[in-house]
Amino acid sequence: MNKLKIWTDKHIQGDPVIWAVVVCLSVFGILVVYSATGSLAYRAGAANEHFLVRHAMMVGLSLFVMWIAHKVDYRYYSKITRIALLASVPLLLYAWLFGASHNDASRWISLPFIGLQFQPSDLAKMALIAALATMLAKRQQNIGDIKESLIPMLAWSFGICLLIAMTNISTAVLLFVTCMLLFFIGRVPVKYLVMLVVVGAFAGLIAMKVGQRGETAINRVTSFLDKTEIPYQAQQANIAIATGGVMGKGPGNSVQRNFLPEAYADFVFAIIIEEYGIFGGVVVLLLYLILLYRGMRVVANSDRAFGGLLSAGLTFLIVIQALVNIGVVVGLGPVTGQTLPLISMGGTSLLFTGLSLGIILSVSRGETEDVSAINGELKNSMRTA
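Just so you know, these numbers come straight off a predicted model, no measurement behind them. (Residues numbered from 1 in each chain as written. Predicted model: local features only at pLDDT ≥ 70, side-chain atom pairs only at ≥ 80, totals over all residues. Heavy atoms only, no water.)

Q: Looking at this model, I keep getting lost on the sheet that holds strand β2 (residues 105–111). Mind explaining?
A: Sheet strands pair via backbone hydrogen bonds, and the direction of the pair is either parallel or antiparallel. In space, the three strands of this open sheet follow the order β1-β2-β3, with antiparallel pairing throughout. Both edges of this open sheet fall to β1 (100–102) and β3 (116–118), since each of them pairs with a single strand only. Ignoring strand direction, the axes of neighbouring strands in this sheet form an average angle of 50°. When β1 meets β2, the two strands line up antiparallel, connected through two bridges. (Pairing = 2+ DSSP bridges. Helix = DSSP H or I, 4+ residues; strand = E, 2+ residues; numbered from the N terminus. Axes fitted to C-alpha atoms, helices over the stretch in contact; angles between N-to-C directions.)

Q: Got a minute to help me understand helix α6 (residues 120–138) in this structure?
A: Three- or four-residue spacings in an α-helix give side chains the same orientation, since the helix completes a turn every 3.6 residues. Along its 19 residues, α6 runs 27 Å from first to last C-alpha, staying within 8% of the 27 Å computed at 1.5 Å per residue. In terms of residue burial, α6 counts as a mostly covered element, since 17 of its 19 residues are buried. (Expected span 1.5 Å × (residues − 1). Buried < 20%, exposed > 50% of the residue type's maximum accessible area, 1.4 Å probe, protein only.)

Q: I tried to follow the packing of helix α5 (residues 77–98) against α6 on my own but got confused; where do I start?
A: When two helices pack together, their arrangement is given by the angle between the helix axes and the distance between those axes. Close contact between α5 and α6 brings their axes to 8 Å; oriented N to C, the two are set at 145°. In this structure, α5 crosses over α6, and the sense of that crossing is left-handed. Contact residues: Ser 78, Thr 81, Ala 84, Leu 85, Ser 88, Leu 91, Leu 92 and Ala 95 in α5; Pro 120, Ser 121, Leu 123, Ala 124, Ala 127, Leu 128, Ala 130, Ala 131 and Thr 134 in α6. For the contact of α5 with α6, the residue count by class is 12 nonpolar, five polar and no charged. (Left-handed = near helix turned anticlockwise from the far one by under 90°. Contact = heavy atoms within 4.5 Å. Nonpolar A, V, L, I, M, F, W, Y, C, P; charged D, E, K, R; others polar.)

Q: Help me understand the packing of aromatic side chains in this model?
A: Any aromatic ring pair is given by two values, namely how distant the centres are and how the planes are angled relative to each other. By the definition in use, this model includes seven aromatic pairs. Each ring, one from Tyr 76 and one from Tyr 77, has its centre 6.4 Å from the other, and the planes form 65°; the classification is edge-to-face. Positioned above the aromatic ring of Tyr 74 is the side chain of Arg 75, whose terminal nitrogen or guanidinium carbon lies 5.9 Å from the ring centre. (Phe/Tyr/Trp six-rings, centres within 6.5 Å; stacked < 30°, edge-to-face > 60°. Lys NZ or Arg CZ within 6 Å of the ring centre and 35° of its normal.)

Q: Whenever I open this one, the pattern of salt bridges confuses me. Can you help?
A: Oppositely charged side chains can form a pair if their charged atoms are brought close together. Inspection of every chain in the model, using the stated rule, returns four salt bridges. Across the pair Arg 294 and Asp 15 runs a salt bridge, and its minimum N-O distance is 3.0 Å. With Arg 294 in helix α12 (residues 268–301) and Asp 15 in the loop between α1 (2–11) and α2 (16–36), this residue pair connects regions lying 279 residues apart in the sequence. Take Arg 294 and Asp 15: they sit in the same class, and that class is buried. As a salt-bridge pair, Asp 122 and Lys 125 come within 3.9 Å of each other at their nearest N and O atoms. Placement of both Asp 122 and Lys 125 in helix α6 is noted, with a separation of three residues, approximately one turn of the helix. You can call Asp 122 buried: its relative accessible area is 9%. (Salt bridge = Lys/Arg side-chain N within 4 Å of Asp/Glu carboxyl O.)

Q: Just checking my understanding: could you explain unusual backbone geometry for this structure?
A: With the exception of glycine, the majority of residues adopt a negative phi angle, and the majority of peptide bonds are in the trans configuration. In this structure, Arg 187 is a non-glycine residue whose phi angle is positive, near 65°. Residue position: Arg 187 is located in the loop between α8 (169–185) and α9 (190–210). You can call Arg 187 partly exposed: its relative accessible area is 48%. Even without being glycine, Glu 262 reaches a positive phi, approximately 55°. Structurally, Glu 262 is set in the loop between α11 (232–244) and α12. The exposure class assigned to Glu 262 is partly exposed, which follows from its relative accessible area of 21%.

Q: Sorry if this is basic, but what is going on with a nonpolar patch on the surface here?
A: A cluster of nonpolar side chains, Val 246, Met 247, Ile 278, Phe 279, Val 282, Val 283, Leu 286, Leu 289, Ile 290 and Leu 323, forms an exposed patch at the surface whose accessible area comes to about 870 Å². Ranked by residues supplied to the nonpolar patch, first place goes to α12 with seven residues. With respect to the helices and strands, the residue Ile 290 is situated in helix α12. Of the residues examined, Ile 290 reaches a relative accessible area of 35% and is grouped as partly exposed. (Patch = residues over 30% accessible without salt bridge, like charges linked within 9 Å, V, L, I, M, F, W, Y side chains within 5 Å. Areas by Shrake-Rupley, 256 points an atom, 1.4 Å probe, with all protein chains shown as cover.)

Q: What is the right way to look at the side chain of Thr 348 in this model?
A: Within the fold, Thr 348 resides in helix α14 (residues 348–384). Judged by relative accessible area, which is 9%, Thr 348 ranks as buried. Discounting chain neighbours no more than four positions away, the residues touching Thr 348 are Met 58, Gln 117, Phe 118, Gln 119 and Asp 122.

Q: Even after reading the chapter, I still don't get the side chain of Thr 167, so can you show me in this structure?
A: Assignment of secondary structure puts Thr 167 in the loop between α7 (146–165) and α8. A residue is classified by how much of its surface remains accessible, and Thr 167, at 8% relative accessible area, is buried. Among residues more than four places away in sequence, those in contact with Thr 167 are Trp 96, Ala 105, Ser 106, Arg 107, Gln 212 and Arg 213.

Q: I tried to follow the environment of Leu 317 on my own but got confused; where do I start?
A: When you line up the elements, Leu 317 lands in helix α13 (residues 305–329). Judged by relative accessible area, which is 12%, Leu 317 ranks as buried. As a C-alpha pair, Leu 317 and Ile 129 span 188 residues in sequence and 8.7 Å in three-dimensional space.

Q: Honestly, the packing of α7 against α9 in this entry has me stumped. Any pointers?
A: Axis separation between α7 and α9 bottoms out at 9 Å; the angle between their running directions is 25°. Here α7 is positioned roughly parallel relative to α9, judged by the angle of their axes. Once α7 is placed against α9, the crossing between them reads as right-handed. Each of Ile 146, Leu 150, Leu 154, Ser 157, Phe 158, Leu 162 and Ala 165 in α7 lies in contact with α9, whose residues at this interface are Tyr 192, Met 195, Leu 196, Val 199, Phe 202, Ala 203, Ile 206 and Ala 207. (Parallel < 35°, antiparallel > 145°, perpendicular 65-115°, else oblique.)

Q: In this structure, what is going on with the state of the cysteines? I would like to understand it.
A: One covalent bond between the sulfur atoms of two cysteine residues makes up a disulfide. If you walk through the whole model with that rule in mind, you get zero disulfides. The thiol of Cys 161 is not disulfide-bonded; the next cysteine sulfur, from Cys 179, is found 4.9 Å away. (Disulfide = S-S within 2.5 Å.)

Shown next, in the form of structure tokens:
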């Protein structure tokens, strides 16, 4: 037991509650995806365990990426932010113009040899948040300067959100909201936040007119507002929630997985409630809220502006997506196509979620090490005295 504690203290660092939440959500995701992919395996002519093994491998790889990222000093990420941000622009353009298409949207770039598809928007979201955290941290002394401080941040926010909105409007909106929260935390004057809203609205209008998903977005909002006709996906999700009850039908006993499109991705929360009941759904929601709380604790305990802003931005990015996914499934919003982080079956999106969580843990680990170093110096000085 002592050896295990020594090993974990050395290799598993950072906020222990975040580690626990991530492991719980990951394990829960493996169980639910195994159940939700039964009909998918049947249609693909594959064994039920095929998608289980694939998803479990991706979860394991994402946890490994998180572990690697949390061992790196978070200040290093500010140095590579500009490279990642610049690289995301041509990748987003390529995906929009020549990418692999799914549901009338070309959001993916097929990676040769390994059989995976990569969404450049995952890289772009992280890069933009890290870049804004870097710029806000460096400009705290002259945050009210429009030319030196505000315009560069507005330009990058406009450009990245616009390129993402060309193929994925809901993701662009969530990223824009995260940018707004980050600007607010970064002490940007409220009157300048209005400028950000105008920039976001302008980018949205362009995407609706030129992009691939403008008509789809309008139809989904219209269908949500029209209470006389419920979309098929929402109908099947409602049935899953209604039949799940308080304690659910039990693991593997979902019926709606055979009728609900994307039951293992966009609507996996409906399968959670059907099999584990409202109780299971509330537990999952609480885990995300705990993640939000601990992420904000990291922000509050950070002595450096960059670390706090970086942790806040990445925490908001993950938790807001989760809350939107849950809200859509229970009928609080129009269908968006957002997956449930750490639970939905995915490829590179899981890896980038792991990377984001690793960076948050790196911030908490870095600050913890700073405090430990100070305590060590105090103890040494007291012994010398």
